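Residue strings, one per chain:
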Amino acid sequence: MPAERKLMRYGHSEGHTDVCFEDTGRYIVTCGSDGDVRIWEGLDDDDPKSINVGERAYSLALKDGKLVTALSNNTVQLHTFPEGDPDGILTRFTTSANHVTFNSNGSQIAAASGDFMIKIVEVFDSSRQKTLRGHQAPVLSVAFDPKDEFLASASCDGSVAVWKIEDQVQVIHWNVLQKSNDVSNSKSLCRLSWQPSSGKLLAVPVDRLVQLYERASWSLVGSLSDDFITQAVNVVAWSPCGKYLAAGSVGGFLTVWDVETKQCIEREKHEKGYTVCGICWHPSGGQIAYTDNEGCLGLLDNVTDSSLFASKKDKVVAARRESKYEDLFEEDDDGHFIDDLSVKSTNGTDDDDDIMPSIARRQKSGTFDNDDTPIDAASIKDKDMVGLPPAVPAVPQQIYEGPMPTRPQKPFQPGSTPTHLIHRFMVWNSVGIVRGYNDEQDNAIDVEFHDTSIHHAMHLTNSLGHLFADLSREAVLLGCEATDELASKLQCLHFSSWDTNKEWIVDLPKDEDVQAVCLGQGWAAAATSALLIRIFSIGGVQKEIFSLPGPIVCMAGHGEQLFIVFHRGTGFDGDQALGVQLFQLVQKRMQVICGEPLPMSCKSYLSWMGFTAEGTPCYVDSEGVLRMLNRCLGNTWTPVCNTQENCKGKSDHYWVVGVHEIPQQLRCIPCKGSRFPPTLPRPAVVILPFKLPLCQTTTEKGSLEEQYWRSLLFHNHYDFLLSSGCEIDEEQRHKGQKEQQELLMKMFALSCKLEREFRCVELAELMTQNVVTLAIRYASRSHRMALAQRLGDLALEKAVAEQEDSEHTGYPGIWKKTWCSQSESECEVQQLSSHREQEVLQEGCLEDQDEQEQMDIHEIGKPGLNLFNKDISHDTPSPKPSSKDGRVNPFKVSSSKPPATFVPSRMTNILDSMTASCKRSSSGVFSGGTAGKDAILKPLAPRPKSKTQTTLLKIRGPKATQKKTEKESMEEDIKDGHASQGASAQNSENIKPTTGFQLWLEENRSSLLVENPDLEETDIIKEAMGHFRTLTAEDRLSWTERAKEQTGELPDVKKRARVDNNDEFRNDKESNTKKKKTIDTSKLAAFAFNKN
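Residues numbered from 1 in each chain as written. Predicted model: local features only at pLDDT ≥ 70, side-chain atom pairs only at ≥ 80, totals over all residues. Heavy atoms only, no water.

Peer 1: Would you take a moment to explain a negative patch on the surface for this structure?
Peer 2: On the surface, Glu 762, Glu 765, Asp 793 and Glu 797 cluster together to form a negatively charged patch. Inspection of the secondary structure puts Glu 797 in helix α9 (residues 785–809). Taking the relative accessible area as the measure of exposure, Glu 797 reaches 52% and is therefore exposed. (Patch = residues over 30% accessible without salt bridge, like charges linked within 9 Å, V, L, I, M, F, W, Y side chains within 5 Å. Areas by Shrake-Rupley, 256 points an atom, 1.4 Å probe, with all protein chains shown as cover. Salt bridge = Lys/Arg side-chain N within 4 Å of Asp/Glu carboxyl O. Lys, Arg positive; Asp, Glu negative; His and termini not counted. Charge placed at Lys NZ, Arg CZ, Asp CG, Glu CD. Helix = DSSP H or I, 4+ residues; strand = E, 2+ residues; numbered from the N terminus. Buried < 20%, exposed > 50% of the residue type's maximum accessible area, 1.4 Å probe, protein only.)

Peer 1: Would you mind going over a nonpolar patch on the surface with me for this structure?
Peer 2: Judged by side-chain polarity, Tyr 400, Met 404 and Phe 572 come together as a nonpolar surface patch covering roughly 350 Å² of accessible area. Within the secondary structure, Tyr 400 is located in the loop between α3 (377–383) and β29 (423–428).

Peer 1: Help me understand the sheet that holds strand β51 (residues 686–688) in this model?
Peer 2: Sheets are built from strands paired through backbone hydrogen bonds, the pairs being either parallel or antiparallel. One open sheet accounts for three strands, arranged β49-β50-β51; its pairing is antiparallel. The open sheet has two edge strands, β49 (653–660) and β51, and neither has a second partner. With strand direction ignored, the average angle separating the axes of adjacent strands in the sheet is 40 degrees. The pairing of β49 with strand β50 (residues 665–671) spans seven bridges and is antiparallel. Counted as the bridge partner of Val 659 is Leu 666 from β50. (Pairing = 2+ DSSP bridges. Axes fitted to C-alpha atoms, helices over the stretch in contact; angles between N-to-C directions.)

Peer 1: Would you mind showing me how to read the sheet that holds strand β7 (residues 66–71) here?
Peer 2: As summarised here, the arrangement of the four strands in space is β6-β7-β8-β9, forming an open sheet in which the pairing is antiparallel. Across the chains shown, the open sheet's two edge strands, defined by having one partner strand only, are β6 (57–63) and β9 (86–92). Neighbour-to-neighbour, the strand axes of this sheet turn through a mean angle of 20 degrees, independent of strand direction.

Peer 1: I keep staring at the packing of aromatic side chains and nothing clicks. Help me out?
Peer 2: The relative placement of two aromatic rings is captured by the distance of their centres and the angle of their planes. Under the criterion given, the structure shown has 19 aromatic pairs. Aromatic pair Phe 563 and Trp 637: ring centres 5.8 Å apart, planes at 20 degrees, arrangement stacked. Within this pair, whereas Phe 563 is found in strand β42 (residues 561–567), its partner Trp 637 is found in strand β48 (residues 636–642), the two being separated by 74 residues in sequence. Phe 563 sits in the buried class, given a relative accessible area of 0%. Take Trp 637: its relative accessible area is 13%, and that puts it in the buried class. (Phe/Tyr/Trp six-rings, centres within 6.5 Å; stacked < 30°, edge-to-face > 60°.)

Peer 1: Can you help me understand the pairing of strand β30 (residues 432–438) in this one?
Peer 2: Strand residues, when the strand is regular, have side chains that alternate between the two faces of the sheet. The element β30 is extensively covered by neighbouring structure, given that six of its seven residues are classed as buried. With five bridges joining them, β29 and β30 adopt antiparallel strand pairing. Note that in β30 the partner of His 423 across the bridge is Tyr 437. Taking the residues that link successive antiparallel strands as the turn, the β29-β30 hairpin has three residues. Both β30 and strand β31 (residues 443–449) contribute to a ladder of seven bridges, which runs antiparallel. In the strand pairing of β31, Val 434 is matched with Val 447.

Peer 1: Can you walk me through the pattern of salt bridges in this structure?
Peer 2: Any two side chains of opposite charge can pair if their charged atoms end up close together. A full pass over the atoms with the stated rule returns 25 salt bridges. Taking the shortest distance from any N to any O, the salt bridge between Asp 719 and Arg 733 comes out at 3.5 Å. Residue Asp 719 is found in helix α5 (residues 717–723), and its partner Arg 733 is found in helix α6 (residues 730–753); the two are separated by 14 residues along the sequence. Classification of Asp 719 by relative accessible area gives partly exposed; the value is 31%. Assessed through its relative accessible area of 7%, Arg 733 is described here as buried. For Arg 784, the salt bridge is made with Glu 757, and the minimal N-O distance between the two is 3.5 Å. Placement of Arg 784 in the loop between α8 (769–781) and α9 and of Glu 757 in helix α7 (residues 757–764) is noted, with a sequence separation of 27 residues between them. Since its relative accessible area comes to 17%, Arg 784 is described here as buried.

Right, dumping it as structure tokens:
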């Protein structure tokens, strides 16, 4: 039956095109010079799916859901099929990629380029590549041998070559083509094709013929021709059965030969005579798809009998189906099914797909004679099997259905690009860049430093063929593998040495190769193929040597730390089984992590590892997840960033070059459609943010939690540096602690808004003692008295715990200094309190603040109120931050007891502020009627409700005080006078600042306490008077005027003054009368409060 040529249709713009069928034959896939790949469900598909892959696409190949294209941008790209999502760049060339093809099982691709090279690349690991060099002109096409043993190629230099893939050598070549200087000027594309299955014949289009070369002997065994072909044959393709060969010519002819008879069985002319540049057989063999150089797609149908092309697999499946139905109705003499004798599968059911057939099927297959006439099975059983032992059922072959092992990851150097590249990065780290060049003109190494003050750039001759490199502030370390003549070598350029001999080289023992190198502070290390780690001093002295539990993957060094990753076993289902070791080499000489498993993302491999600039180990896997060591949680690994979340395309990646904890920066290079960058042009480094993968980070609560825990994690290195005896930046450390406490206070305020009081207590447990005080104040102003009471108990527990730690364990020198210098950072904590209080109150309780401030203004005029109390400075409306003079005296409440230690004084300070901040009138410590009593140590009054009511009565209900008699007022006045005199001797700080010295003492008390933390109150006043006298007369006068101004701004405070102690305010009789009247009223109110 003659073939039917269907009408061609437009597919791409004018220019070169290519075509192939999907594995099942459902789709036709084409590419063209417009850079698009189109997926057709048939020639009649009016809306094919289009995928843009580049500017121009010269070739494509499709197998097992992987679509590979050769593009004009010098790359070979991989896409998923039929989705069309980019899946990475398999390889790069220096010029356009001309042709690409898959091997038989789809695990490798071969690509030809205009730079005379051929590359064979692993699809699942593009770093594993082989390069074939030998052609003297651009390569036209490549073709895999079906057995994956040989590769054929055609070139513009006029040769057709056969390469042995394993050895990467050329087996033979034939100079049969016309030479040209470029693919565009070539007479033919010369698309080669091997005979399927056996690979016995290689078809080569030569001018108007197709020559057939025999495998192994590589001799010409025949040629195919047709008189109608008047121009060169462009492309050839074997049918799936290997019996027919189709060819497309420059003149537009499509010809099909029977290879065995060498007869032309089909011949079709292009309807417009355009050049056929792409041709492909349908998997069933009945159709041929072809494209021309005008971008059109055509189809030949009914080329041959498609039944001849049925694969063996299809025949076996059909035979089994037929046997299955026949066996269902075939019985033995006893009326039982013959299938009872058949082999059962392990689960008790028939397995028709078993490799071993059942006994019943064997009997059936043997019961046909030459005439296909069935013979009675019972007669055979009676006659032929008499006296034979009973048949033993065949044991079915066990099929392993468990997890499949993963190919182990090969060793690599962190910060390097694959070794097969001609121009590559040997290492890129925080110190500098080492580039390697290996081409016909030069084999050299360039060393470049980010900071030129370390050393100038260097150019080294790479005569030994170094593949591994590391760079530090002291030296450059290089390593090379062994050759037939030379042993593996380790070379070090110690450029920071003070002597003239700055280079040393070490030869490794025979049969031992360097696989990874790294540098630390004063030492160098190399991992070898003998599972050994060899340690050297930076000057070349051999030091420690120890064995690894498994093959090395990579290692890195920083300071005294050595970080090693190795294979601890065989991984399964795409996962790598890696282990990690972390050593301290110089002083402590200890193993920090002892071969524990290295956490990885599912089905990923290690792509980078190293240290942060501060010395914390970290690593990145192929899924783009960066994990960092958390020393405060048992040396666990915490994911801190996912670089893939910042990628725009699926095939885009980030190549990490450095990690910084302060500031939080991940320095990396974006790679468009690849996993590593090219050396030229010099890639630009970008900075990515860190983000912990906590839940609901888009909400305010989740965002604050993520910021807090990330800040805590990235400041852990300070503790490690302190334990190692290193100097740290105390300013940065305090800044980080302040940031963490601010975040905790924000979370506390948010939890209060949401009425999550239990959560508030949980957050307060993470706070410092000073911030807990701020939380208590916020809770009391939010009218959450139960929460405030619990926070007060928590503050006491924290104070007691700190005191016990200081007494029993004792702090090391640095810690003692840190704890004892809390007063030095008192200003910062006060600023935090003031700043956070303003923010928190603005967020949650503006109305409560207004009411409380009004109450405080009324209470300033009450007797016994301490104007030096820090809480008044916080609550009194003022345009200036008044936290400077608050919480500055940890010895505020003093008695006949000796001065308290530092921690109890902080506790007393906190409790004083808690009592005053809840309700001003409820403070028994500073009230006039109880000034002589001991200080109250509870953070909240036992009956806050009743005291609140009492305070409100004092403010709003003056009628209660009017019921007191004048006699009682006088008695109260006498009592109060004696109490005030007794209290003034013990609490001199409670005197109002009516003089310049008192005002100066109020504002400078914190600095005096820092300088003299052990002085008593009287000594502090004496010290302050000495400092005040050193001031100039103008400064002292300015302080006095400020004190007078402040006194004038508080008329109610003037009324608090004693008549017998303040003669300077007795100039007017009328004013004296008013003062006495006011004093009597307020004292009666205080007496009534004390009675309650």
